[in-house]
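If you want the building blocks of each chain, they are given just below.
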Amino acid sequence: MSTSIGMPADPTLSYRAIENLIARYAELVDDGDFAGLGTLLADATFTGSGEPVSGREAIEEMFKETLIVYADGTPRTHHVTTNVALEVDEQANTAVSRSYVTVFQALPDLPLQPIAAGRYHDRFERRDGQWRFAERRVRINLIGDVSRHAHQAAARR
């Protein structure tokens, strides 16, 4: 926090808050909480394999239309985010990050396996003292068997 004599904010707090947003995204996807994803990304533009999507409702709907959800209410995945490189501009209230993502999936008839790996490129903004996503771009470089993860992939089987 800034003090009355103009001391800069503690960047450690910003780094932790942004890392928590990155982790929260993975939790929400793996929990199948698409409404929560819509809320988390409400102020952001999300770009995956399709056209960019913006706004809470549009993002929630995009996840519902894209991911296969099983009887337990989840996509039966585990997103692992690593190699997080984060740059924060405290004065501008902005930040950018790059990270790797590996997606694992397991089903009763599908042994645990990596199904996708790629990169996240994120932008963040701090408004009213709170960090939030401004943009998430997902680039998947390595694709395994996603036929039981994404509706489009299942349709191509």
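Overview of the structure. (Residues numbered from 1 in each chain as written. Predicted model: local features only at pLDDT ≥ 70, side-chain atom pairs only at ≥ 80, totals over all residues. Heavy atoms only, no water.)

## Comments concerning the overall build of the protein chain
Assigned secondary structure in the protein chain consists of 4 helices and 6 strands. Put simply, the protein chain runs from its N terminus to its C terminus through helices and strands in the order α-α-β-β-α-β-β-β-β-α. For the protein chain, the C-alpha atoms occupy an extent of roughly 60 × 30 × 25 Å along the three principal directions. By residue count, 41% of the 157 residues in the protein chain fall in the buried class. Mean positive and mean negative side-chain charge positions of the protein chain (17 and 22 charges, respectively) differ by 4 Å. (Helix = DSSP H or I, 4+ residues; strand = E, 2+ residues; numbered from the N terminus. Buried < 20%, exposed > 50% of the residue type's maximum accessible area, 1.4 Å probe, protein only. Lys, Arg positive; Asp, Glu negative; His and termini not counted. Charge placed at Lys NZ, Arg CZ, Asp CG, Glu CD.)

## Things to note about the sheet that holds strand β1 (residues 45–47)
Pairing in this open sheet of 6 strands is mixed, and the strands run β2-β1-β6-β5-β4-β3 from one edge to the other. Because the sheet does not close on itself, it has two edges, and the strands there are β2 (53–54) and β3 (77–89). Pairing analysis gives 2 bridges linking β1 to β2, with the strands arranged antiparallel. In the strand pairing of β2, Thr45 is matched with Ser54. Across the sheet, helix α1 (residues 11–31) is in contact with β1, β3, β4 (94–107), β5 (110–127) and β6 (130–143); its angle to β3 comes to roughly 155 degrees. (Pairing = 2+ DSSP bridges. Contact = heavy atoms within 4.5 Å. Axes fitted to C-alpha atoms, helices over the stretch in contact; angles between N-to-C directions.)

## Topic: the side chain of Arg126
Its location among the elements puts Arg126 in strand β5. Assessed through its relative accessible area of 18%, Arg126 is described here as buried. Looking at Arg126, its side chain comes within polar contact range of the side chain of Ser14, at 3.1 Å. Among the polar contacts made by the side chain of Arg126, one reaches the side chain of Asn93 at a distance of 2.7 Å. Not counting residues up to four positions away in its chain, the partners in contact with Arg126 are Ser14, Glu90, Asn93 and Trp131. (Polar contact = N/O pair within 3.5 Å; in protein donor to acceptor, adjacent residues only side chain to side chain.)

Everything listed here is a matter of coordinates, which is why it stays silent on function.
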